[in-house]
Amino acid sequence: MGKRAEENKRRILNRYGLIVFFLLGVGVMIIFSAGKIAFSAEGKKWREVGERETIIKDRVILPKRGNIYTYDGKLLATSEPLYSIYMDFWAEGMRKDTLMKYVDELSVALARKFPDRTASQYKSVILNGWKLREKEERQMKENAEKGVDRKVKLKSRYVRILRPDISYVDLKEIRTYPFFNQRSNRSGLIAEEKNARKRPFGNLANRTVGNVYKDLEKGGASGLELKYDSLLRGVEGVKSRQKIQGRWTDIEEIAAKDGYDIVTTLDADIQEVTERALRAKLEETAAESGTAIIMETKTGEIKGVANLDRLSNGSYAEGNPNVFSYMNEPGSTFKTVTVMVALDDGVITPTDSFHVGNGLYQYNGKWVRDHYWRQGRDRGYLTVKEGIELSSNVVMSKIVLKAYGDDPAKFVKGIDRIGLRKKLTWDVPLNGIEGTSSIRFPDDKTNYWSKTTLPWMSFGYETKVPPIYMLMFYNGIANGGKMIKPFIAKKLLKDGRVVKEYKAEVVNEQMCKESTLVQIQDMLLGVVENGTAKVVKSDYFSIAGKTGTAQIASGGGYSDYYVSFCGYFPADDPLYTCFVGIRKPKGVPSGGGQAGMVFKNIAEQTFVKRTRLSPEQALVDDPEPQKRPPLKNGNWEYGRSVLSMLDLKTSIMKSASDWVKIEFDSVAYRPHALAITDNSVPDVLGMGARDAVYLLEKSGLRVNLTGSGKVVSQSFAPGSRVVKGTTISITLR
């Protein structure tokens, strides 16, 4: 018994030994195979196959292009996601019988929503996509049967179904349509996201804000969009697409960095006034084009800028940035430059007089003419001040010939002293000579200086100065002699915080002597009070400025006119400086009656909009309670500050919060704290665009914004869970 047990034990151990030896052999083979796969060329091949089947690497994550705002937070340009709609007819769960069952209903729904195709055309597109898949299947089968190792290109994986790109709201809707309401691996529905630029205010300041290329990845094409493209566009991220449990999932590897937001100096109300006033005069005079620009005198901030060109149908739309680039002879607005140089050099006084007679003066065989010369009236002598007020070419030419006839370079050096020949760059990008004044110098070999250049330059010919330079010059007069460069980009924001703030560049700390400045200011006031711009005079405040009427050089001669007016208001304490130019107006050309009237219209409407009454001034003798100003929900710090300035009562908030809802109960404004958490959709109802967009983007959402005013609806309910990167639609009214 003991011997048999010993033999059984030995046999069992031998069997276990064989099994262990076999398993060791298998293990060695596995390790060898794993090593071979890990380190051999064959292994590299199979890893590539595996990755190709389960991972799509290095796909780009597009950053959100930064927003462009007005100075007070109104959106001028923002990015919204659009979606290109495709179908993948090789989707794993797609079945022919299911597709055929729903294709008619789907086609009808698509045609109803997107009527650029009929239902039968949509059906044809879808069925052709399936037929293409069947053709590819047959080709793959034939290749396999013939032993041909040739890859079939699967064109049916990416068949475009809709011609236009659609919004997120439309995408949500089509996902409810028959067949498309299934999971994407069954319906084959592919929504390829791309960013598009949207203008909540339409074409307001269109040329200044600029455009982007249709392919947004190429960035800005003009205006602020181009100038600050590197800041607005952000930095692309990287993601891979991996197949997990039979479904493709995006895996973020490097996060995209959204672009900076830009706050401009533009005021939407003043911008609208500027465009409307200019357009009305252009339509009245059937002019070829017009420009208007208004800036804050002390800060250099451009508040409104319009560049309108006549279209073939006779209407007007934003065109070339002529405010910055129109290189025409400025005409009589340049006379102020002439007088400033001469006064500063001490070669004249405002009371010096020059004989003008009937407005004709011959020099070197050419006639200098005043605008009244055809009247035949002998005006005798005019003082320098009267020469500016009545815009006398004869007075200007006699001033420079007397003072600088023997040394014309001294006159141009005086212009240099003012700063008008400095080369500057602007927020609206330009090329070449455009955007820089072209004022010749006597010894310039490339720009011939003739015997008549000096007198003709004195009244705005023989030189080219774009409107922005004239605006800058007249603003220097209004600003106590300090010339500053007008600018548009005011702040850079990142996640709602200011990271950089821009201020006006000082071009010339003091353009002229203080005594000269006082004399020039008096003359410009006289132009409106007594001279060629009497029609510009306002009943509400004083205006100072200068008219300009210049012929346009064409084909070696002159034809048509460019009329302009540049000045500031109120003259006794300037707040704004404005330039208006109109090219080729019909009728009698008039710097005062045409360009000047646009200036007056802009000035009066801007002044009225800026006027604010104190609460005491606003009260009337009425026993009924006064109407209280509405206050938007949002940042309580700003709201409390406004209410404090208006001396309006507020109640104490129960719990501290930066973000509030505001209620008014006839006694006080009552703030109620908003609960803002990282993982839930914030409640932005009742907020303005700036606060709403900031909170939503901070929470990780993309924003599709429609309208202006207060938020009246949001597509995701407040408090619902945030899915970062998805798009929320908000409507303002």
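Use the structure listed above.
Residues numbered from 1 in each chain as written. Predicted model: local features only at pLDDT ≥ 70, side-chain atom pairs only at ≥ 80, totals over all residues. Heavy atoms only, no water.

Here we look at the packing of helix H3 (residues 96-113) against helix H4 (residues 119-146)
Helix packing geometry: the angle between the two helix axes and the distance between the axes. Quick reminder of the rule: For helices, the axis comes from a line fit to the C-alpha atoms of the stretch in contact; other axes are also lines fit to C-alpha atoms, and the angle between any two N-to-C directions lies between 0 and 180 degrees. A run of H or I in DSSP becomes a helix once it reaches four residues, and a run of E becomes a strand once it reaches two; helices and strands are each numbered from the N terminus. Each angle gets one of four labels, with under 35 degrees taken as roughly parallel, over 145 as roughly antiparallel, 65 to 115 as roughly perpendicular, and the rest as oblique. Left-handed describes a crossing whose near helix is turned anticlockwise from the far helix by less than a right angle; the clockwise case is right-handed. Contacts were defined at the residue level, with two residues in contact if any of their heavy atoms lie within 4.5 Å. The classification used treats Ala, Val, Leu, Ile, Met, Phe, Trp, Tyr, Cys and Pro as nonpolar, Asp, Glu, Lys and Arg as charged, and all other residues, Gly among them, as polar.
Direction vectors running N to C along H3 and H4 enclose 150°, while the axes themselves pass 7 Å from each other. The angle between H3 and H4 falls in the class roughly antiparallel. For the pair H3 and H4, the sense of crossing is right-handed. When H3 is examined against H4, the residues Lys-96, Leu-99, Met-100, Val-103, Asp-104, Leu-106, Ser-107, Val-108, Leu-110 and Ala-111 are found in contact with a partner set consisting of Ala-119, Tyr-122, Lys-123, Ile-126, Leu-127, Trp-130 and Glu-134. Across the contact of H3 with H4, the residue classes tally to twelve nonpolar, one polar and four charged.

Details of the sheet that holds strand E25 (residues 669-673)
Heads up, the rule is: At least two DSSP bridges between two strands are required for those strands to pair.
Strands sit in the order E23-E24-E25 across an open sheet of three strands; the sheet is antiparallel. At either margin of the open sheet sits one strand with a lone partner, and together these are strand E23 (634-635) and E25.

Digging into the packing of helix H12 (residues 335-344) against helix H17 (residues 467-478)
Contact pair H12 / H17: the axes reach a minimum separation of 11 Å and the direction vectors enclose 50°. In terms of axis orientation, H12 runs oblique to H17. Of the two possible hands of crossing, H12 and H17 adopt the one that is left-handed. Between H12 and H17, the contacting residues are Thr-336, Val-337 and Met-340 on the first element and Phe-473, Tyr-474 and Ile-477 on the second. Looking at the contact of H12 with H17, its residues break down into five nonpolar, one polar and no charged.

Some remarks on the pattern of salt bridges
Selection rule: Throughout this description, the term salt bridge denotes a Lys or Arg side-chain nitrogen within 4 Å of a carboxyl oxygen of Asp or Glu.
Per the stated rule, a full pass over the model turns up 31 salt bridges. For Glu-272, the salt bridge goes to Arg-276, with nearest N and O atoms at 3.6 Å. A residue pair is termed a helical-turn pair when its members lie 3 or 4 positions apart in one helix, as Glu-272 and Arg-276 do in helix H10 (residues 268-285) at four residues. Between Glu-389 and Lys-385 there is a salt bridge, and its shortest N-O distance comes to 2.3 Å. Residue Glu-389 and its partner Lys-385 are located together in helix H13 (residues 384-389), separated by four residues, close to a single helical turn. Three or more residues joined by partner-sharing salt bridges are found here, namely Arg-65, Arg-197, Glu-225, Asp-229 and Arg-233.

Let's talk about H10
Cut-off, in case you're wondering: In this scheme, a helix's expected span is set at 1.5 Å multiplied by one less than its residue total. When a residue's accessible area, from a 1.4 Å probe over protein chains only, is under 20% of the maximum for its type it is buried; when over 50% it is exposed; and in between it is partly exposed. Side-chain atoms alone can form a polar contact between residues adjacent in sequence; in general such a contact is a pair of N or O atoms within 3.5 Å, and within protein one must be able to donate a hydrogen while the other accepts it.
For H10, which comprises 18 residues, the first-to-last C-alpha distance of 26 Å matches the rise-based estimate of 26 Å (1.5 Å per residue) to within 8%. Of all the residues in H10, the buried ones are Ala-268, Ile-270, Gln-271, Val-273, Thr-274, Glu-275, Ala-277, Leu-278, Lys-281, Leu-282 and Thr-285. Elements in contact with the buried residues of H10: strand E9 (289-296), strand E10 (302-310), strand E11 (316-318), strand E22 (576-583) and helix H19 (591-610). For H10, the N-terminal cap is Asp-267; the gap from its side-chain oxygen to the backbone nitrogen of Asp-269 is 2.9 Å. Positive backbone phi, approximately 50°, marks Ala-286, located one or two places after H10.

Considering the nonpolar core
Stated formally: Nonpolar cores are built from buried Ala, Val, Leu, Ile, Met, Phe, Trp, Tyr and Cys residues. Side-chain atoms within 4.5 Å join them into one set.
Counting 112 residues, the largest nonpolar core has Phe-473, Ile-477 and Val-580 as its most contacted members. The element contributing the most residues to this core is H17, with nine residues. Not counting residues up to four positions away in its chain, the partners in contact with Val-580 are Leu-278, Thr-291, Ala-292, Val-563, Ser-564, Phe-565, Ala-595, Val-598, Phe-599 and Ile-602. By size, the runner-up hydrophobic cluster in this structure holds 53 residues, among which are Trp-130, Leu-493, Val-681 and Leu-705.

Section: unusual backbone geometry
A cis geometry characterises the amide bond from Phe-569 onward to Pro-570, with omega recorded as -20°. In this structure, Glu-462 is a non-glycine residue whose phi angle is positive, near 60°. Turning to its location among the elements, Glu-462 is positioned in the loop between helix H16 (453-458) and H17.

Section: the sheet that holds strand E21 (residues 557-569)
Ordered by their spatial adjacency, six strands build an open sheet running E11-E10-E9-E22-E21-E20, and the pairing between neighbours is antiparallel. Two strands bound the open sheet, and with one partner strand each, they are E11 and strand E20 (544-554). Between one strand and the next, the sheet's axes are offset by a mean angle of 20°, whatever the strand orientation. Bridge count between E9 and E22: eight bridges; the pairing is antiparallel.

Focus on the pairing of strand E18 (residues 497-501)
One ladder, built from four bridges, connects strand E17 (residues 489-494) with E18; its direction is antiparallel. Bridge pairing links Lys-494 to Arg-497 in E18. Joining the antiparallel neighbours E17 and E18 is a turn of two residues, in which Asp-495 adopts a positive phi near 55°.

Things to note about a nonpolar patch on the surface
Definition in use: Patch building starts from residues that exceed 30% relative accessible area and form no salt bridge, then joins like charges within 9 Å and nonpolar side chains (Val, Leu, Ile, Met, Phe, Trp, Tyr) within 5 Å. In this description, accessible areas are obtained by the Shrake-Rupley approach with a 1.4 Å probe, and a residue is regarded as covered only by the protein chains that are shown.
Taken together, the side chains of Ile-12, Tyr-16, Ile-19, Phe-22, Leu-23, Val-26 and Ile-30 make up a nonpolar region of the molecular surface, amounting to roughly 720 Å² of accessible area. Examined against the element boundaries, Phe-22 turns out to sit in helix H1 (residues 2-39). Classification of Phe-22 by relative accessible area gives exposed; the value is 57%.

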